[in-house]
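These are the residues of each chain, in order.
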Amino acid sequence: MTDVLEHPLDHPEHGHGHGQGHDEHHGPSGLLKWMTTTDHKIIGLSYTVTSVIMLVIGGLFAEIIRAQLATPNGSLVSLSQYNELFTMHGSVMIYLFAGPFAFGGLANIIVPIQIGAPDMAFPRLNALSYWLYLTGSITMLAGFFTAGGAANFGWVAYAPLSNSINTPGAGADLWIGGLLLTGFSAIFTGVNLCATIFYLRAPGMTMFRMPIFTWNMLVTGILILLAFPVLTAGLIMLYCDRHFGTHIYSVAGGGVPVLWQHIFWFWGHPEVYILALPFFGMVTEIIAVFSRKPVFGYKGMIFATLSIAALSLGVWAHHMFTTGVVLLPFFSIMSLLIAVPTGIKIFNWIGTMWRGEVWFSTAMLMAIGFLVTFLIGGLTGIYLASPPLDFFTHDTYFVVAHFHSVVMALVLGGMGGLYYWGPKVTGYLLNERIGKAQFWFLFIGTQVFTLPQYLLGLNGMPRRIAVYPHDPQWKMLNDWSSIGAAMVGVSTLLFVVNVAVSWKKYPAGDNPWDAQTLEWFTTSPPPHHNFYRLPQIRSERPTWDYNHPEHKSLAHGDHAVAAPAEKVPAP
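Draft legend 1. Local environment of the overall build of the protein chain. Along the protein chain, the regular secondary structure elements total 16 helices and 3 strands. For 571 residues, the compact-globule estimate of 2.2 N^0.38 gives 25 Å, and the protein chain sits close to it at 24 Å. If you line up the protein chain on its principal axes, its C-alpha atoms span 75 × 50 × 50 Å. By residue count, 59% of the 571 residues in the protein chain fall in the buried class. Sequence separation of at least 24 residues holds for 82% of the intrachain contacts in the protein chain that already meet a minimum separation of 6. Surface exposure of the protein chain reaches about 22300 Å², of which carbon and sulfur atoms provide 70%. For the protein chain, the distance from the average site of its 25 positive side-chain charges to the average site of its 28 negative ones is 3 Å.

In structure tokens:
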């Protein structure tokens, strides 16, 4: 049974979500527990650890790429090895880190607790999702151990570069297989998120009382279900072209190579927001808590998220302006329109901080760094949405810089999420001094890394080249970019050091930030089924309402009228 508490004075002996002397769940322990569990918290932690390892692996590939480009005639790797490195760097960061970290890791841990649910709707499917993700990651990286090396056709796998003639060997097939496995993992996670949010909310947790992070994960889950099956079908057709002579993407057999671009980017642009929306949600939660204010424009944030999701399905062809087969005005206008709800979010974040009691913790600094970096990436995206400017910068380092501004903003947001929710998962805080040093290396390194690449693109440097002997004037900007990449590497090392130094050293308590949403009402770490007791839920800030009865939330027309405490079954 889960008690519903009215306010602290009713049950002074219970404290903050406590009440049982121990967690009554019994089961395997040690390695067997991690391998057989269906507990969403342990699965989410497995996702998080695995995805951070993928971040480190992808980062190592990036450092090698930047070392190669530090001189016009770099010889650190061969040209074929360079092709493998930039292909696998992009693939690891997009497919194996950013998405799984957000909707597999933190969402898996946090969403059920934020809505008062005991677990995900389909626990066994949740476990299967993780093992598919891990298997797909290993499968994709296994290409490095084949005779022909890993996939080398770029992370977008454009036809006809990705056919069996231009890229023979097992590495490309393992890339396709790994992506299919991780794609099914994402689809199953999308099903689980939607079902959990729609059907397992606690009493009183109406849709417009859900935290913004949960709202963003619901929209992300819906986008996953719309986009990932398209990519899955495209990958199966690509594999059939490579091995069964179907010629779907081959002109010689009556196929259309540009069809792959349509399929890929129809998945790829919703994917941009499948990646971004979870981090938007993380940043929203962090800014509200460390500004000591409710979210400014709560419903506006929700409708902006829904608008982004709807518009993201109609902008895929802005990646295809130079192909000559798409209607430029339509896709340009749609691409410019999507900046409007994103801009609304920026102003809402600023409005949340405005006149707040801002606490510049590491998590808050990461969130602010996210805002600045994502704003740079977003503004340069507006340039790329204009066909004349896109023609000029297409396939140059300007596009590379734009992508990296966006992805590095997500890294900043993700690090903020780890510092913010880490204590809830582990029960311990990370060292703030090391965390702030990590932030400055990460934030400054990101700008030093990306801004020279914008200039390189405007000066004509093409992407995906390993040497540039005829253009030595590009060396200085490449050197600066390489220095920035090294600073980002140092920040990652500082994070690892922080985890090692802080391990079980700084007990966090149940709510170290005096946070607002429901996950901070339970213990740190939460019990097996998340809650012993729940507060009355009358707004999107139930924990704040419970801890601060003198500041009753009258949000969205809800009246904070005392209701008698009642006992209800655990949802």
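Still more ground to cover, so stick around.
Draft legend 2. Fine view of the nonpolar core. Counting residues in each nonpolar core, the largest one holds 155 residues, and the members touching the most others are Tyr-95, Trp-175, Trp-260, Phe-264, Trp-349, Phe-370 and Tyr-420. Excluding anything up to four places from it in sequence, Trp-175 contacts Met-88, Ser-91, Tyr-95, Met-140, Ala-151, Phe-153, Trp-155, Ala-157 and Leu-235. Of all hydrophobic cores here, the second largest spans 5 residues; its members include Leu-384, Phe-398, Val-399 and Ala-401.

Draft legend 3. Here's a closer look at the pattern of salt bridges. For the coordinates displayed, the defined rule picks out 4 salt bridges. A salt bridge links Arg-463 to Asp-395; its shortest N-O distance comes to 3.6 Å. Highlighted residues: Arg-463 in the loop between α14 (432-458) and α15 (475-502) and Asp-395 in the loop between α12 (387-393) and α13 (397-426), separated in sequence by 68 residues. Under the relative-accessibility criterion, Arg-463 is labelled buried at 18%.

Draft legend 4. Up close: the packing of aromatic side chains. Across all of its chains, the model carries 45 aromatic pairs by this definition. Consider the rings of Tyr-130 and Trp-131, whose centres lie 5.2 Å apart with planes at 70°: the pair is edge-to-face. The class of Tyr-130 is buried, set by a relative accessible area of 9%. For Trp-131, a relative accessible area of 32% gives the class partly exposed. Members of the aromatic cluster, connected to one another through ring pairs, are Tyr-95, Phe-153, Trp-155, Trp-175, Phe-228, Tyr-249, Trp-260, Phe-264, Trp-265, Trp-267 and Phe-403.

Draft legend 5. Quick look at the packing of helix α7 (residues 258-290) against helix α10 (residues 339-353). Packing of α7 against α10 brings their axes to within 9 Å, and their N-to-C directions diverge by 15°. Relative to α10, the element α7 lies roughly parallel. Our pair here, α7 against α10, has a crossing hand that is left-handed. On α10, the residues touching Tyr-273, Phe-280, Val-283, Thr-284, Ile-287 and Ala-288 of α7 are Thr-342, Lys-345, Trp-349, Thr-352 and Met-353.

Draft legend 6. Highlighting a nonpolar patch on the surface. Nonpolar side chains collect at one region of the surface, where Leu-31, Trp-34, Met-35 and Trp-131 lie side by side and expose about 430 Å² of accessible area between them. With 3 residues, the single largest contributor to the nonpolar patch is helix α1 (residues 30-36). Tracing the backbone through its elements, the reader meets Leu-31 in helix α1. Note on Leu-31: relative accessible area 64%, which makes it exposed.

Cut-offs used in this document
- Residues numbered from 1 in each chain as written.
- Predicted model: local features only at pLDDT ≥ 70, side-chain atom pairs only at ≥ 80, totals over all residues.
- Heavy atoms only, no water.
- Helix = DSSP H or I, 4+ residues; strand = E, 2+ residues; numbered from the N terminus.
- Rg over C-alpha atoms; globule rule 2.2 N^0.38 Å.
- Buried < 20%, exposed > 50% of the residue type's maximum accessible area, 1.4 Å probe, protein only.
- Contact = heavy atoms within 4.5 Å.
- Areas by Shrake-Rupley, 256 points an atom, 1.4 Å probe, with all protein chains shown as cover.
- Lys, Arg positive; Asp, Glu negative; His and termini not counted.
- Charge placed at Lys NZ, Arg CZ, Asp CG, Glu CD.
- Core = buried A, V, L, I, M, F, W, Y, C linked by side-chain atoms within 4.5 Å.
- Salt bridge = Lys/Arg side-chain N within 4 Å of Asp/Glu carboxyl O.
- Phe/Tyr/Trp six-rings, centres within 6.5 Å; stacked < 30°, edge-to-face > 60°.
- Axes fitted to C-alpha atoms, helices over the stretch in contact; angles between N-to-C directions.
- Parallel < 35°, antiparallel > 145°, perpendicular 65-115°, else oblique.
- Left-handed = near helix turned anticlockwise from the far one by under 90°.
- Patch = residues over 30% accessible without salt bridge, like charges linked within 9 Å, V, L, I, M, F, W, Y side chains within 5 Å.

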